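The primary structure of each chain is shown beneath.
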Amino acid sequence: MSEVTRILQSIEAGDNMAGGQLLPLVYEELRKLAASKMAHESPGQTLQPTALVHEAWLRLNANESEKWQGRAHFFGAAAEAMRRILIDNARRKRAARHGGGRPREDILEFDVAAPGPDDEILAVNDALGLLAELDKPKADLVKLHYFAGLTFEESADALGISVSTANRWWTFCRAWLFDQIRKNVIS
Amino acid sequence: MKFLARILISWLTCAFALSAFAWGDEGHRTIGAMVDTLITGTDAASHVHSLLGDETLSAASVWADHVKGRTDQTTEMVQFKKTNPNHFVFHYTDIPFEEPKYRDDSIGATNVDVVHAIPACILILQGKPESQTLFSNVSQRVALRLLVHYIEDLHQPLHAGAGYLDKTNFIDPNGYTGHYEDDQGANRLVFGGTNKLHFFWDVTVVQLDMARAHVETPQQYAAFLLSKPVPDWKTPSPLLQRDRDWANESIALSAKVHDVKVLDEDDSQLDYRTQKPRPVWHIEELSPAYIDWSCKTAEDQMTKAGYRIAATLKEIWP
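Reading guide: rules and limits
Residues numbered from 1 in each chain as written. Chains lettered and ligands numbered in written order. Predicted model: local features only at pLDDT ≥ 70, side-chain atom pairs only at ≥ 80, totals over all residues. Helix = DSSP H or I, 4+ residues; strand = E, 2+ residues; numbered from the N terminus. Rg over C-alpha atoms; globule rule 2.2 N^0.38 Å. Buried ≥ 20, exposed ≤ 12 C-beta atoms within 10 Å, placed from the backbone. Contact = placed C-beta atoms within 7 Å. Pairing = 2+ DSSP bridges. Core = buried A, V, L, I, M, F, W, Y, C linked by C-beta atoms within 7 Å. pLDDT = per-residue confidence, 0-100. Axes fitted to C-alpha atoms, helices over the stretch in contact; angles between N-to-C directions. Parallel < 35°, antiparallel > 145°, perpendicular 65-115°, else oblique. Left-handed = near helix turned anticlockwise from the far one by under 90°.

Participant: What is the right way to read the overall build of chain B from this model?
Facilitator: Scanning chain B from terminus to terminus reveals 12 helices and nine strands. Taking 20 Å as the expected radius of gyration for a compact globule of 318 residues, we find that chain B reaches 19 Å, a close match to that expectation. Scored against the burial criterion, the 318 residues of chain B give a buried share of 45%. Counting only contacts in chain B whose residues sit at least 6 apart along the sequence, the fraction spanning at least 24 positions is 71%.

Given below as structure tokens:
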């Protein structure tokens, strides 16, 4: 049994602490997966976050019999991990652009396709924190759909909501984030 | 920061846009939900129920837009389109926003525009035989759906007022001798590359205001709007002419909606219907003040529409 499966089963069994153990594992797996893919790709290749998340799920659960179990928790952790990776990349690129440090080889260790320009990703991320305080499930949807690139069907499945609710939430989140970001920009 | 503002508004106006009809689905359903509440327990509600059955006015209020589509068409929709092939034009009028009021002989007014469609619906609901001059073979059930929708449309300023431009200058085409083109209710005014100002007013502004109110559904939004102080919605004109007053209000608002700086004219675009060259105009990014005013105005207009539709139904069925 893989470590991820063990943790997922603990979460399913009601172990609240297990959730915290899942994120670093998934984060590391996504980074390793991206690095290994880049080693076999031609320079300039851009990795798709959705593909990475799905492949990480398959790799970490390849030999388990109950593959479906804990899928929602896994995707939640993967979305958070992907958000961190994209934010790290955006910050590094911004720092390099602004002369915040000499270019390092590992800055573009791998390039994950971002959902938008760096400024947008960082602005969405800043506003997302406030949304999470007000309405965590909706903030989770933004992570799943915007940062991890999951479809509405996949996001709805991970959150345990209907697809129409996911669509409605996304409409709300998009408008709410826009408004919040605009306020942040003005201030 | 201007760059960020541009990408964000594009994000909001383009991505996953589902509907580009006046007020969008959310706005129409919201006004309909307000009316459902406002007529509860009245004779009007009984008549509405006898015509629509379990279909609420919230649901009925999007029928006139959905009939424009190609999917999920009911027999009733197919029949309506067959006998009323020009139904697209019933939703709006294009009075130059410089005009102080709606008049039948203005450029942009037609005898099949929204100002004529609303009284025609009322006449059908009143059972008047002369009512089928504008529509063809429209039942009372369909007329009710159309009436609710058209009154909602008329309260979207860009469904009443339009801009007419000579190069990059707005002009009043009535009596104008130079060459001009109309902006089709700001459908041909774009900002941030491809975002239509009309779409912003149809959809984006409603979604933005819903997010500000922290509501998700039309029913929640309707409750939010009804919880606010009642606006000054009453109009003294006779029932069949009242929509002209509403049009006048919208035309005046459309002048403010058009208070945007036109940057340049782009002649490379084709009209999507005729495939002939037709210009679009690029306008300046929408300022935060403009966006805030838009939200407030949309809220006011939707609320007025709700009260006015309820009053209209109560007058048809006292």
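Having put the structure on the table, let's press on.
Participant: So what exactly am I meant to see when it comes to the overall build of chain A here?
Facilitator: A count of helical and extended segments in chain A gives eight helices and zero strands. Each helix and strand of chain A, placed in order from N terminus to C terminus, yields the pattern α-α-α-α-α-α-α-α. Out of the 187 residues in chain A, the part that is buried amounts to 37%. Of the contacts formed within chain A by residues at least 6 apart in sequence, a portion of 70% connects residues at least 24 apart.

Participant: Honestly, the pairing of strand β9 (residues 280-283) of chain B in this entry has me stumped. Any pointers?
Facilitator: One face of the sheet, then the other: side chains in a regular strand alternate in exactly this way. The sheet contact formed by strand β6 (residues 189-191) of chain B and β9(B) spans two bridges and is parallel. Among the inter-strand pairings, Leu189(B) is bridged to a residue of β9(B), identified as Trp281(B).

Participant: Would you mind showing me how to read the environment of Ser50(B) here?
Facilitator: Position of Ser50(B) among the secondary structure elements: in helix α3 (residues 43-52). In the structure, Ser50(B) is positioned 212 residues away from Val262(B) in sequence and 50 Å away in space, judged by C-alpha atoms.

Participant: Can you walk me through the sheet that holds strand β4 (residues 169-170) of chain B in this structure?
Facilitator: Adjacent strands of a sheet form backbone hydrogen bonds with each other and so pair up, either parallel or antiparallel. Residue and element names in this part refer to chain B. Pairing in this open sheet of three strands is antiparallel, and the strands run β4-β3-β5 from one edge to the other. Two strands lie at the open edges of the sheet, namely β4 and β5 (181-182), each paired on one side alone. As paired elements, strand β3 (residues 164-166) and β5 share two bridges and run antiparallel to each other. Across the sheet, the residue bridging to Leu-165 is Glu-181, located in β5.

Participant: Honestly, the nonpolar core in this entry has me stumped. Any pointers?
Facilitator: Ala78(A), Met82(A), Ile118(B), Cys121(B), Leu147(B) and Tyr150(B) are the most contacted members of the largest nonpolar core, which totals 130 residues. If sequence neighbours within four positions are ignored, Tyr150(B) has contacts with Phe90(B), His91(B), Val114(B), Ala117(B), Ile118(B) and Cys121(B).

Participant: Help me understand the environment of Lys261(B) in this model?
Facilitator: Residue and element names in this part refer to chain B. Here Lys-261 is to be found in the loop between α11 (242-257) and β8 (262-266). Expressed as a C-alpha distance, the spacing of Lys-261 and Glu-284, which sit 23 residues apart in the sequence, is 5.5 Å. Look past the residues within four positions of Lys-261 in its chain and what remains in contact with it is Ile-283 and Glu-284.

Participant: Just checking my understanding: could you explain the confidence of the model for chain B for this structure?
Facilitator: Residue and element names in this part refer to chain B. Residue-level pLDDT values for chain B average 92, and 92% of them are 70 or greater. Below a pLDDT of 50 lies the segment residues 15-20, which in the model reaches eight contacts outside its immediate sequence neighbourhood of four places, other chains included. At the level of chain-chain contacts, confidence expressed as ipTM amounts to 0.78, with global pTM at 0.86.

Participant: I'm lost on the sheet that holds β9(B) in this one. Help?
Facilitator: As summarised here, the arrangement of the four strands in space is β7-β6-β9-β8 (chain B), forming an open sheet in which the pairing is mixed. Both edges of this open sheet fall to β7 (195-196) and β8 of chain B, since each of them pairs with a single strand only.

Participant: Quick question: what am I supposed to make of the packing of helix α6 (residues 136-147) of chain A against helix α7 (residues 152-159) of chain A here?
Facilitator: When two helices pack together, their arrangement is given by the angle between their axes and by how far apart the axes lie. Residue and element names in this part refer to chain A. At a minimum axis distance of 10 Å, the contact between α6 and α7 shows a crossing angle of 140 degrees. Between α6 and α7, the angle falls in the class oblique. The element α6 and its partner α7 pack so that their crossing is right-handed. Contact with α6, carried on its side by Pro-137, Asp-140, Leu-141, Leu-144 and His-145, involves Phe-152, Ser-155, Ala-158 and Leu-159 of α7 and no other residues of that element.

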